[in-house]
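Letter by letter, the chains look like this.
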Amino acid sequence: MTGVQTCALPISSLGWRSIFLFSLPLAAIIVPMALLVLKETPPAQTGKGFDVAGALLLATGLLSGLMALNRGAVWGWGSAATLGCFAAFVVLLTAFVAWESRYHQPMIDLGLFRYRSLVSANISGFFSSGAMFGSLFLLPFYFQWVRGLTPWQFGWAIAPLAVMFFIFAPQGGRLTPRLGARNTALLGLTIAAAGFVAVSRTLGVSTSLVAQLAAMSLLGVGLALTMAPVTTVAISDAPADKRGIASSLPQMMRFIGASFVIAIMGSLLAWRLRENLAGLGVPADRIPAGGLSSLRSAGGADAEVLRAALAHSFQQVFLFALVFVALAMVAVAFMPQLKGDGEG
């Protein structure tokens, strides 16, 4: 145990923000290598200037939507602040689309969205990555608050997800030419759906950790298999001179999807917790008002009630994640067959 305690000491003593210090040695390696390996694009191909207005409209619009989803439960879903943020989200993104369609050097070439391949693949990536990052965001809270694991221990507990990505993401690329991008993505999403069901069933107060590791491994396999075919389809029809932005769009959509789904799943967890506590007979005035973080201070019988309510809430949220997987499947169904695909 001494080695574990020593490894966990930096985070325990310096706080979770210290994990970002690990980027410094990585940057010291990556930056010199990039300067040596990457080729500079000729000035004639880069265009002039940067779309500052478009970037600001997109960033502030997305921020408004995230604020509404994240704080709506606190402010009240019908409050002026929440409705104002939702309204700002719609107005700013509408303004962004209007600006991008007229600006001579847009941040995103909206003409690319006339390709069914790019649209369907990006929508699929939005929802599948949202489900993935939403689960990765919530699982540490489950292991810490329900199972009582230390940060070091629950880091190992969710490691199967990362390991499965390392192993099976390349397999998705190998299967794509044989099964076809659409079939490979549907296979991955089907496995991911089974994984979400399995994970939900294992998020109890005292479920076997082995069963949880197996369920998370299944989820990781499914989500990993979807990555390569979705990216391949997204850039398949883009003109050669637009493939740079076309290849970056899936990553952007994945991160946007992750941000929104994390906010949705977090708000859903808080709502289900309050409902489950009320169902267990906890009076409204005893339900913690300080957010989920205040649950850690509970003790005695209250702690057991909170753990049971939390476990049930996590189970419900992970089942709800199937909605995002289903939406990703619908988008994949509209992906076109590529030339040379193995689809029959």
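Residues numbered from 1 in each chain as written. Predicted model: local features only at pLDDT ≥ 70, side-chain atom pairs only at ≥ 80, totals over all residues. Heavy atoms only, no water.

Colleague: Got a minute to help me understand the overall build of the protein in this structure?
Modeller: Of the regular secondary structure elements, the protein holds 12 helices and 0 strands. Relative to its 344 residues, the protein shows a buried fraction of 37%. Within the protein, contacts between residues separated by at least 24 positions form 79% of all contacts whose residues are at least 6 apart in sequence. (Helix = DSSP H or I, 4+ residues; strand = E, 2+ residues; numbered from the N terminus. Buried < 20%, exposed > 50% of the residue type's maximum accessible area, 1.4 Å probe, protein only. Contact = heavy atoms within 4.5 Å.)

Colleague: Help me out: how do you make sense of the confidence of the model for the protein in this one?
Modeller: Keep in mind that low pLDDT regions are not for reading the predicted coordinates in detail. Taken residue by residue, the protein gives an average pLDDT of 83. The fraction at 70 or more is 84%. By mean pLDDT, helix H1 (residues 2-14) is the weakest element of the protein at 48, and helix H9 (residues 181-202) is the strongest at 94. This model gives residues 1-9 a pLDDT under 50, and the stretch forms 4 contacts once residues within four places in sequence are excluded. Across residues 289-293, where pLDDT falls below 50, the model places 4 contacts with residues more than four positions away in sequence or in other chains. (pLDDT = per-residue confidence, 0-100.)

Colleague: Looking at this model, I keep getting lost on the nonpolar core. Mind explaining?
Modeller: Generally speaking, soluble globular proteins have nonpolar side chains that are buried together. Counting 67 residues, the largest nonpolar core has Leu139, Phe143, Phe314 and Phe318 as the members making the most contacts within it. Only helix H4 (52-75), helix H6 (116-146), helix H7 (151-157), helix H8 (159-179), H9, helix H10 (209-236), helix H11 (243-279) and helix H12 (300-333) provide two or more residues apiece to this core. Ignoring anything within four residues of it in the chain, the contact list for Phe318 reads Ser135, Leu138, Leu139, Phe196, Val199, Ser200 and Leu203. (Core = buried A, V, L, I, M, F, W, Y, C linked by side-chain atoms within 4.5 Å.)

Colleague: Please clarify how the packing of aromatic side chains should be interpreted in this entry.
Modeller: Any aromatic ring pair is given by two values, namely how distant the centres are and how the planes are angled relative to each other. Tallying each qualifying case throughout the model produces 10 aromatic pairs. Measuring from ring centre to ring centre gives 5.7 Å for Tyr142 and Phe314, while their planes differ by 80 degrees; the resulting arrangement is edge-to-face. Of this pair, Tyr142 sits in helix H6 while Phe314 sits in helix H12, and the two are 172 residues apart along the sequence. On the basis of relative accessible area, Phe314 is assigned to the buried category, the value being 0%. Ring pairs connect the aromatic residues Phe137, Phe141 and Trp145, which therefore count as one cluster. The ring of Trp271 has Arg272 sitting right over it, with the charged end atom 4.6 Å from the ring centre. (Phe/Tyr/Trp six-rings, centres within 6.5 Å; stacked < 30°, edge-to-face > 60°. Lys NZ or Arg CZ within 6 Å of the ring centre and 35° of its normal.)

Colleague: I tried to follow a nonpolar patch on the surface on my own but got confused; where do I start?
Modeller: A contiguous nonpolar surface patch, about 420 Å² in accessible area, is contributed by Leu26, Ile29, Ile30 and Met33. With respect to the helices and strands, Leu26 occurs in helix H2 (residues 23-37). (Patch = residues over 30% accessible without salt bridge, like charges linked within 9 Å, V, L, I, M, F, W, Y side chains within 5 Å. Areas by Shrake-Rupley, 256 points an atom, 1.4 Å probe, with all protein chains shown as cover. Salt bridge = Lys/Arg side-chain N within 4 Å of Asp/Glu carboxyl O.)

Colleague: How should I be thinking about the packing of H4 against H11 in this particular structure?
Modeller: How two helices pack is summed up by the angle between their axes together with the distance between the axes. Interaxial distance between H4 and H11 falls to 8 Å at its minimum, and their mutual angle equals 20 degrees. By the criterion of interaxial angle, the relationship of H4 to H11 is roughly parallel. For the pair formed by H4 and H11, the contact residues are Leu58, Leu62, Gly65, Leu66, Leu69 and Asn70 on the first element and Met252, Ile256, Ser259, Phe260, Ala263, Ile264 and Ser267 on the second. Among the residues making up the contact of H4 with H11, the classes are represented as 9 nonpolar, 4 polar and no charged. (Axes fitted to C-alpha atoms, helices over the stretch in contact; angles between N-to-C directions. Parallel < 35°, antiparallel > 145°, perpendicular 65-115°, else oblique. Nonpolar A, V, L, I, M, F, W, Y, C, P; charged D, E, K, R; others polar.)

Colleague: So what exactly am I meant to see when it comes to H8 here?
Modeller: Given a rise of 1.5 Å per residue, 21 residues ought to cover 30 Å, and the 29 Å separating the end C-alpha atoms of H8 matches this to within 8%. The sharpest bend along H8 measures roughly 35 degrees and falls at Phe166, with the proline Pro170 sitting one to four residues further on. Among all positions in H8, only Pro160, Leu161, Met164, Phe165, Gly172 and Thr176 are buried. Elements that come into contact with the buried residues of H8 comprise H6, H7, H9 and H10. Positive phi shows up at Gly180, right after H8, with a value of about 95 degrees. (Expected span 1.5 Å × (residues − 1). Bend = angle between axes of the 7 residues up to and from the residue.)

Colleague: Just to check I follow, could you spell out the side chain of Asn276 for this structure?
Modeller: Along the chain, Asn276 turns up in helix H11. The class for Asn276 is buried, based on a relative accessible area of 9%. Of the polar contacts made by the side chain of Asn276, one reaches the side chain of Gln316; its length is 3.1 Å. Among all residues touching Asn276, those that are not within four sequence positions of it are Ala309, His312, Ser313 and Gln316. (Polar contact = N/O pair within 3.5 Å; in protein donor to acceptor, adjacent residues only side chain to side chain.)

Colleague: What should I look at first to understand the side chain of Thr202 in this one?
Modeller: With respect to the helices and strands, Thr202 occurs in helix H9. With residues up to four places along the chain from it excluded, the contact list for Thr202 reads Tyr142, Thr207, Ala211, Gln212 and Ala215.

Colleague: I tried to follow the environment of Ile235 on my own but got confused; where do I start?
Modeller: Among the secondary structure elements, Ile235 is positioned in helix H10. The spatial distance from the C-alpha of Ile235 to the C-alpha of Ser247 is 5.8 Å, given a sequence separation of 12 residues. Ile235 has contacts with Arg243, Ala246 and Ser247, leaving out every residue within four places of it along the chain.

Colleague: Please explain the packing of H6 against H11 as it appears in this structure.
Modeller: Here H6 crosses H11 at 45 degrees, and the two axes come no closer than 6 Å. In terms of their interaxial angle, H6 and H11 are classed as oblique. Read as a crossing pair, H6 and H11 show a hand that is right-handed. Of the residues assigned to the contact of H6 with H11, the class counts are 17 nonpolar, 7 polar and 1 charged. (Left-handed = near helix turned anticlockwise from the far one by under 90°.)

Colleague: Looking at this model, I keep getting lost on the environment of Asn183. Mind explaining?
Modeller: Within the secondary structure layout, Asn183 lies in helix H9. On the basis of relative accessibility, which here comes to 35%, the residue Asn183 falls in the partly exposed class. In this structure the C-alpha to C-alpha distance between Asn183 and Met335, which are 152 residues apart in sequence, comes to 9.9 Å. Only 3.1 Å separates the side chain of Asn183 from the backbone oxygen of Leu179, close enough to count as a polar contact.

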